[in-house]
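A look at the structure
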Amino acid sequence: MTSSEHSSSESNANVGGAKADAAQAGGVKTAHTQPSSTHTASAKSASASSRPAGIESEPRDNARIASVESLDKGNEMERGLTNRHVQFIAIGGTIGTGLFLGSGKSIALTGPSIILVYIAVGAIMFLLMRAIGEMMYRDPSQHTFINFIDRYLGRGWGKFAGWSYWIVLVLIGMTEITAVSTYFVTFFRTFGIELGAWKWLIELCFLAALTTINLIAVKAFGEAEFWFSMIKITLIVAMIVTAIVMVIISYHYPAVHIAGSDGVSPAGHAGFDNLWNGFSFAPNGWMAFLMSFQMVFFAYEMIEFVGVTVSETQNPRKVLPKAINEIIMRVLIFYVGALVAIMVIVPWRSFKPNADGSFASPFIMVFRYAGLDWAAALVFFVVITAASSALNSLLYSAGRHLYQLAVDSPSPQLNKLGVVSSRRVPARAILVSAALILLSPIINAFPKMSSAFVLFASASSAVIIFIYILTMIAHERYRRSPDFIADGFLMPAYRFTDALAIAFFVFVYVTLFLAADTRGPAVAGLVWLLVFGGYCLLHERYQNRDLEEALR
């Protein structure tokens, strides 16, 4: 959008009026950045209409988009993230540790057809990001996409999604800090240095360093993510280039022992015939093929993180669409490209589980076959940066979400966390989130507590699916609301694509019941939805009823 278009839009639009109209016409609630707006929106919602939240009048054809400057009047954060930062944050959100360590299990499960699964799941996640992107483009002053669930589905669902998502971030953060220390110990073990007894200190040091980065300034966070992502990209590109060279020269490799594998890996050669020799679409049965969808889905988990950075991004309406539209290319290069490169060197039937059910890293296998004796150290160094990047992003996101929850809360005690520091970051919310993540080494020290934590952490991944579904429903409601603007970052064929994404997320949740190790988390997720979700909806319903009676 050009500067002249922004000026024209600002003179023809009043976002505050549009939001008030939306709330009065259909019970749609405004996403908030200040405590006072929370209570105002609730009062309007309760007294204006008896229709359910989210059932709106038809969109106004003449609705125009407001300028970022006018929307930012209540945004206390600094727009310190540049286009370079956001593009690499988006890449980092797409690439997790699962690609480096977990892709061997995915390949073993369904063979070369796993490539199609990655493409299919990647396409659905792209639709999720387009939905988030369209709503964030409409109002880039929001600190989280969860605010749109509150605005278009009602405060009950907004409260459920907001608190659930923050709890999920903290639980995943606790698993990531444990992963960082484990990978760190493994990395030094390759050089004969044993640090297993110091895992708690490693976790403390990593968390302190990353928390400090988040407290300095949002630009410092952006720079850290830029270099974390650069390291991950470099390894993937190096592996793909290595595979291309090995195929071109018809490279043959001897039988070698791979770090992380119980036995000796057989000799072989690099060639595309490794892809289709003995090919079967579902070599281990259709049940295993269906199970691969949930594994790949969780590899893409947290891809939505780039949507949380919008309120602190320079030129968000230019940067955000570019970051989202390039997701497909990232999937093709970093997932499909990497998987093809792996399987043209390592025959897919060579991926066998160890006695404990684990798999050797395909990246270590490729570089070891290429003659790199220190392949394990190289890959684990990159995996440490990948896990550190994930933890860094989780701290950033958890801090922003807790800040938003504190701002929206009627509790004076919780309001104290909704404060921006002199460096224009939500320091108190970041510190509280970090303190909870720091409980991880304490929990791991007690076996019974650790077992319960594993269940809750696994269930948190299931809860993410509910939040994705609510996001797609909120997007559909947005398109039917007076807030909708026709000259925004529109998702094409939204009625079909929203429904398709929702159906897919339901399908993934159903697949969680197919295996014993995911059935427990799936049940726990449903219990959370019924208990906490039911509480949030009933609490909001009775609160609104009391407010209506008080206003009479």
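Conventions and cut-offs
- Residues numbered from 1 in each chain as written.
- Predicted model: local features only at pLDDT ≥ 70, side-chain atom pairs only at ≥ 80, totals over all residues.
- Heavy atoms only, no water.
- Helix = DSSP H or I, 4+ residues; strand = E, 2+ residues; numbered from the N terminus.
- Buried < 20%, exposed > 50% of the residue type's maximum accessible area, 1.4 Å probe, protein only.
- Contact = heavy atoms within 4.5 Å.
- Areas by Shrake-Rupley, 256 points an atom, 1.4 Å probe, with all protein chains shown as cover.
- Expected span 1.5 Å × (residues − 1).
- Phe/Tyr/Trp six-rings, centres within 6.5 Å; stacked < 30°, edge-to-face > 60°.
- Core = buried A, V, L, I, M, F, W, Y, C linked by side-chain atoms within 4.5 Å.
- Polar contact = N/O pair within 3.5 Å; in protein donor to acceptor, adjacent residues only side chain to side chain.
- pLDDT = per-residue confidence, 0-100.
- Salt bridge = Lys/Arg side-chain N within 4 Å of Asp/Glu carboxyl O.
- Axes fitted to C-alpha atoms, helices over the stretch in contact; angles between N-to-C directions.
- Parallel < 35°, antiparallel > 145°, perpendicular 65-115°, else oblique.
- Left-handed = near helix turned anticlockwise from the far one by under 90°.
- Nonpolar A, V, L, I, M, F, W, Y, C, P; charged D, E, K, R; others polar.

1. Details of the overall build of the chain
Each helix and strand in the chain was counted, giving 23 helices and four strands. Taken across its 552 residues, the chain has 57% of its residues classed as buried. Partitioning the contacts of the chain with sequence separation of at least 6, the portion at a separation of at least 24 is 82%. Roughly 21900 Å² of accessible area belongs to the chain as shown, and the carbon and sulfur atoms make up 66% of that amount.

2. Structural notes on helix α11 (residues 218-248)
Counted at 1.5 Å a residue, the expected span for α11 with its 31 residues is 45 Å, and the 45 Å between its end C-alpha atoms agrees. Positive backbone phi, approximately 55 degrees, marks S250, located one or two places after α11.

3. Observations concerning the packing of aromatic side chains
Per the stated rule, a full pass over the model turns up 40 aromatic pairs. Judged by centre distance (6.4 Å) and plane angle (65 degrees), the rings of F293 and F504 are edge-to-face. Taken as a pair, F293 in helix α13 (residues 286-299) and F504 in helix α22 (residues 494-511) lie far apart in primary sequence, 211 residues in all. Residue F293 shares its accessibility class with F504, and that shared class is buried.

4. Here's the deal with the nonpolar core
By size, the foremost hydrophobic cluster in this structure holds 166 residues, and its most contacted members are I345, F363 and F505. At 20 residues, helix α17 (residues 375-408) tops the list of elements feeding residues into this core.

5. Comments concerning the environment of T497
Relative to the elements of secondary structure, T497 occurs in helix α22. Residue classification places T497 among the buried positions, given a relative accessible area of 9%. Separated by 369 residues in the primary sequence, T497 and L128 place their C-alpha atoms 9.1 Å from one another. Contact partners of T497, with chain neighbours within four places excluded, come to L127, M472, M491 and P492. Within the local environment of T497, its side chain forms a polar contact with the backbone oxygen of A493, the two atoms lying 2.9 Å apart.

6. A few points about helix α7 (residues 114-138)
At 3.6 residues per turn, the α-helix brings residues three or four places apart onto the same side. For α7, spanning 25 residues, the distance from its first C-alpha to its last is 36 Å, which sits close to the expected 36 Å at 1.5 Å a residue. Here α7 lies mainly inside the structure; 21 of its 25 residues are buried.

7. Quick look at the confidence of the model for the chain
When the pLDDT values of the chain are averaged, the result is 84; 85% of them are 70 or greater. Low pLDDT (under 50) marks residues 1-62, which in the prediction has 124 contacts with non-local residues, meaning those over four places away or in another chain.

8. A closer look at the environment of I364
Here I364 is to be found in helix α16 (residues 362-369). Separated by 15 residues in the primary sequence, I364 and V379 have C-alpha atoms spaced 6.3 Å apart. When near neighbours in sequence (up to four residues on either side) are disregarded, I364 contacts I258, A259, A375, A376, V379 and F380.

9. Re the pattern of salt bridges
Within this structure, the stated rule accounts for 10 salt bridges. Residue D150 pairs with R155 through a salt bridge whose shortest N-O separation is 3.1 Å. Residue class for D150 comes out buried when judged on its relative accessible area of 7%. Ionic pairing is found between R330 and E326, a salt bridge with its closest N-O pair at 3.6 Å. Judged by its relative accessible area of 4%, R330 falls in the buried class. On the basis of relative accessibility, which here comes to 33%, the residue E326 falls in the partly exposed class. Through salt bridges with shared partners, a single ionic network connects D139, R151 and D483.

10. With respect to the packing of α11 against α17
Their axes nearest at 9 Å, the elements α11 and α17 cross at an angle of 150 degrees. Taken together, the axes of α11 and α17 lie roughly antiparallel to each other. Crossing of α11 over α17 shows left-handed handedness. Residue-level inspection shows V218, F221, A224, E225, F228, I231, K232 and L235 of α11 in contact with α17, the latter providing L378, F381, V382, T385, A386, S388, S389, N392, S393, Y396 and R400.

11. What to know about the packing of helix α5 (residues 83-94) against α11
The interhelical angle for the contact between α5 and α11, taken along N-to-C directions, is 50 degrees, at an axis separation of 8 Å. In terms of their interaxial angle, α5 and α11 are classed as oblique. Judged by the twist between their axes, the crossing of α5 over α11 is left-handed. Facing α5, whose interface residues are R84, H85, F88, I89, I91 and G92, α11 presents K219, F221, G222, E223, E225, F226, S229, M230, K232 and I233. A class-by-class count of the residues in the contact of α5 with α11 yields seven nonpolar, four polar and five charged.

12. Remarks on the side chain of N214
Counting through the fold element by element, N214 comes out in helix α10 (residues 199-216). The residues contacting N214, other than those within four sequence positions of it, are F221, N392, L395, Y396, R400, V425 and I430.

13. Details of unusual backbone geometry
Positive phi, close to 65 degrees, is recorded for R424, a residue that is not glycine. At A493, a position not held by glycine, the phi torsion is positive, near 50 degrees. Within the secondary structure layout, A493 lies in the loop between α21 (447-479) and α22.

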